[in-house]
Amino acid sequence: MSEGKSSPSAVQAETVTKIFGSGETQVTALNEVSVSIRQNEFFTLLGPSGCGKTTLLRLIAGFDHPTRGTIHLEGQDISYLPPYKRPVNTVFQNYALFPHMTVGENIGFGLEMLGQSKTEREKAVGEMLQLVRMDELKDRKTDQISGGQQQRVALARALAPHPKVLLLDEPLSALDLKLRKEMQIELKRLQHETGITFIFVTHDQEEALTMSDRIAVMNAGRILQIGSPRDIYDHPAERFVANFIGETNFLDAELVSAKNGSARLRLPSGKMVNAALAEGARTEGTVSIVVRPEHAGLTTAKSKAALTGRLENVVYFGTDTHYHLRLDGGGEPFIVRQQNSRDTEETLTPGAEVGIEIGKNAVQVLRD
Amino acid sequence: MSELAASSQISVDNAPRDAASALEAAERQEAKRRWLLLSPALVILLLAASGPLLIVLTYSFLKPGDYGGVIWQFSTEAWFNVFLQEDIFEETTTFSDAHLSIFWRSVRLSLGTTLMALLIGFPTAYFMATRPASSRDLWLFLITIPFWTNLLIRTFAIMEVIRNEGIINSILIGLGIIDTPIQMMFTDFAIMLGMLYVYLPLMVLPIYASMEKLDFRLVEAGYDLYATRWRVLKRVIFPLVKPGVIAGSILVFIPSLGAYVTPRVLGGGKNLMLGNLIELQFGQGRNWPLGAALSITLLAIVMIALLAYVRNVSRQENAHG
């Protein structure tokens, strides 16, 4: 992973450990996490609940402080700075709008606390309302507007003081699907227009893939992999990452030779394939590999088939069809996904013996 | 009851044909049930509060009997004597200094008690509300313990602490910090301390109830938006728990204003409050009409204070909205 060298990172966490409680009830929420988030980046912390992503966000916001390790903001150590002294703002999961204030008062609150005059504030609030397209709702109470509108107010409130970094804690999880899609586009637009570094926390892999410049996949208090969405999806480094993002087929294979991050493997069927090697993966012996369902295809020509098996189930999804197979030689079920087209003729039925074709760069060797 | 059954019968029959009238019938039935549930409380209020109040009001317009009681003759003398007094020798009418000073002391001490209760109760409630849910019940339990003991006993306990030979003075003298005991008994301070001790839970509990409902993410949002601790308290926490603060203040102020036992025991005979003055009229003073008039006056003060408070609050809320 190459880091931007010209300017300091927006946020840099170095071997950050956070332990809650003590003695028997002690919980390690973050375990020696290091990450460098670039300026103007849309960076996503992705992982299941309890993986430590929200804890890391809270450490950056200043609501909690690291047990060990440091956090730098544009080169300045902020590890133990209280939240009100950090040029960082948060969009909370349930928005946390002040119910005793109007929309305008909510948005102006940060500016007021920073000591801006009333006229300055009025102007900034007006601009923010325009930015999130809510001009007419300035004098409404926060319980008189819809969930989507509350979301926009929360965004405007956090953006108004022009923070160096905006933290978003699963801000879209309370919205319905249609609104969520809208807000995803809206968030990207806001990030683009303001040029502020966004750190986005989510457990929704699709959301992470569509919105992020880079993603850090977390589990059990650790960052497992950092990379672009494509990187993470096509080249998962660990079983957990491959499993958490998208559907995946896992196989065991014999590593024959390895060089410069690529390897030559022998599949259980005896066929040889080329594969990409994850950083830190073994370079000999039996290794775990993954093949995405859409990177494999069905074939009747035995010579092309890398694997063979018996078709167990065919599931039609409209845009594509999923074929569930039992491989010859056993193991976990293997799934092949094929795009449907008008010309596709449904001929395969469960029980058929089929061959599996694997694309050129479809195989990834895992670290574990 | 048969009517209830009948109306429910009708609503069921009509439901498919006329949903609106069925709904109406259901609502009527609901309203009837509500009155039925309310009725015990209404009966008690009518008999135990409004009735006696009417008697008191009537007595205040009668003449005092020589040995207590009343003579059934209309008179406004009692009301005259609430604030005014006649000098029999000079035949002049002046404000009754004695009564006014007692009114003033009552209001002053009650306000002081309320303020102190707020200053102590607010942080206490905050502390309780920020404990883990599992230990909050324990704190609630501890707060209510004083209620288990009789008011008189609690007041005597305070006396034991602050009297000249009491715990505080004994310790201070024993440590050589003072030579002669500090006179705390029979002062306004003693009365306020006693009332504070007795009524503090009434301040803590409503504030705690509001505080417990407070979404502490709002507090974090405040910090996040550059508000210091003090400003988060002033701009976020306080406005949101204000209903609790108001309820607590009312619950402390009103009984303080009418307190009888505490000023009697801790204030000695000297520092009377309204409650003592009223009691005096029904006892040694043998002037029931005056006592009745004073009682009504106390009631009026409470109501005026409440109205002013409520008005003030709703005006503030309107200014916000």
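Keep in mind that what you see is a predicted model, and the values were worked out from it rather than measured.

> When you look at the overall build of chain B in this model, what are you seeing that I'm missing?
The number of helices and strands found in chain B is 13 helices and 4 strands. Since a compact globule built from 321 residues should have a radius of gyration of about 20 Å, the 26 Å found for chain B marks it as more spread out than a globular shape. Each principal axis of the C-alpha atoms in chain B carries an extent, and together these give about 85 × 65 × 40 Å. Counting over 321 residues, chain B shows a buried share of 27%.

> Can you help me understand the environment of A:Gly110 in this one?
Position of A:Gly110 among the secondary structure elements: in helix H2 (residues 103-113). Taking the C-alpha atoms as reference points, A:Gly110 and A:Leu159, separated by 49 residues in sequence, lie 9.4 Å from one another. The residues contacting A:Gly110, other than those within four sequence positions of it, are A:Asn89, A:Arg157, A:Ala160, A:Pro161, B:Leu225 and B:Tyr226.

> Help me out: how do you make sense of the nonpolar core in this one?
For soluble globular proteins, nonpolar side chains are generally found buried alongside one another. With 155 residues, the main nonpolar core has A:Ile60, A:Ile199 and A:Ile289 as its most contacted residues. When residues of this core are assigned to their parent elements, the largest contribution, 14 residues, is made by helix H8 (residues 188-213) of chain B. Each residue touching A:Ile60, except ones within four places of it in the same chain, is listed here: A:Val11, A:Ile71, A:Val88, A:Leu167 and A:Ile199.

> For this particular structure, what's the right way to read the sheet that holds strand E4 (residues 68-73) of chain A?
Note on sheets: strands pair through backbone hydrogen bonds, and any given pair is parallel or antiparallel. All names here are of chain A. Spatially, the 4 strands line up as an open sheet ordered E2-E1-E4-E5, and their pairing is antiparallel. Pairing within the sheet leaves two strands with one partner each, and these edge strands are strand E2 (27-37) and strand E5 (76-77). One ladder, built from 2 bridges, connects E4 with E5; its direction is antiparallel. Among the inter-strand pairings, His72 is bridged to a residue of E5, identified as Asp77.

> I keep staring at the interface of chain A and chain B and nothing clicks. Help me out?
Note: interface size is frequently given as the accessible area lost on complex formation between the parts. Taken together, the contact pairs 18 residues of chain A with 17 residues of chain B. For the side of chain A that touches chain B, the elements supplying multiple residues, two or more each, are strand E6 (88-91) and H2 of chain A. The element that contributes the greatest number of residues to the side of chain A that touches chain B is H2(A), accounting for 3 residues. Residues of the side of chain A that touches chain B, tallied by class, amount to 12 nonpolar, 5 polar and 1 charged.

> How do you make sense of the environment of A:Val287 when you look at a structure like this?
Residue and element names in this part refer to chain A. Within the element layout of this structure, Val287 appears in strand E14 (residues 285-291). In this structure Val287 comes out as buried when scored by C-beta crowding, with 23 C-beta atoms within 10 Å. Discounting chain neighbours no more than four positions away, the residues touching Val287 are Ala253, Leu255, Ala281, Arg282 and Val365.

> Just to check I follow, could you spell out unusual backbone geometry for this structure?
Apart from glycine, the bulk of residues carry a negative phi angle, and the bulk of peptide bonds sit in the trans form. Backbone geometry at A:His162 places phi at a positive 50°, although glycine is not the residue there. As for its placement among the helices and strands, A:His162 is situated in the loop between helix H4 (147-159) and strand E7 (165-169). The residue B:Phe186 is not glycine, and still its phi comes out positive at about 60°. Within the element layout of this structure, B:Phe186 appears in the loop between helix H7 (167-174) and H8.

> I keep staring at the pairing of strand E3 (residues 42-46) of chain A and nothing clicks. Help me out?
Residue and element names in this part refer to chain A. E3 sits mainly inside the fold: 5 of its 5 residues count as buried. Pairing of E3 with strand E8 (residues 197-202), which is carried by 5 bridges, proceeds in the parallel orientation. Within E8, the residue paired with Thr44 across the bridge is Phe200. With 4 bridges joining them, E3 and strand E9 (residues 214-219) adopt parallel strand pairing. Across the sheet, the residue bridging to Phe43 is Arg214, located in E9.

Criteria and thresholds
Residue indices follow the written sequence of each chain, beginning from 1 at its first position. Written order determines the labels here, with chains lettered from A and ligands numbered from 1. Owing to the predicted nature of the model, reporting of local features is limited to residues with pLDDT of at least 70; listing and counting of side-chain atom pairs is limited to 80 or more, with chain, interface and lining totals taken over all residues. The secondary structure listing takes helices from DSSP runs of H or I that are at least 4 residues long and strands from runs of E that are at least 2 residues long, numbered from the N terminus. Using C-alpha atoms as the atom set, the radius of gyration is obtained and then compared with a globule rule of 2.2 Å times the number of residues to the power 0.38. Exposure classification rests on a simple neighbour count of other C-beta atoms within 10 Å of a residue's own: a residue reaching 20 or more is buried, one at 12 or fewer is exposed, and one in between is partly exposed. C-beta atoms are placed from the backbone. By definition, residue pairs are in contact when their C-beta atoms, positioned from the backbone, come within 7 Å. Joining buried Ala, Val, Leu, Ile, Met, Phe, Trp, Tyr and Cys residues through C-beta atoms within 7 Å gives a set, and that set is a nonpolar core. Paired strands are those between which DSSP finds at least two bridges. Note on residue categories: nonpolar means Ala, Val, Leu, Ile, Met, Phe, Trp, Tyr, Cys or Pro, charged means Asp, Glu, Lys or Arg, and polar means any other residue, Gly included.

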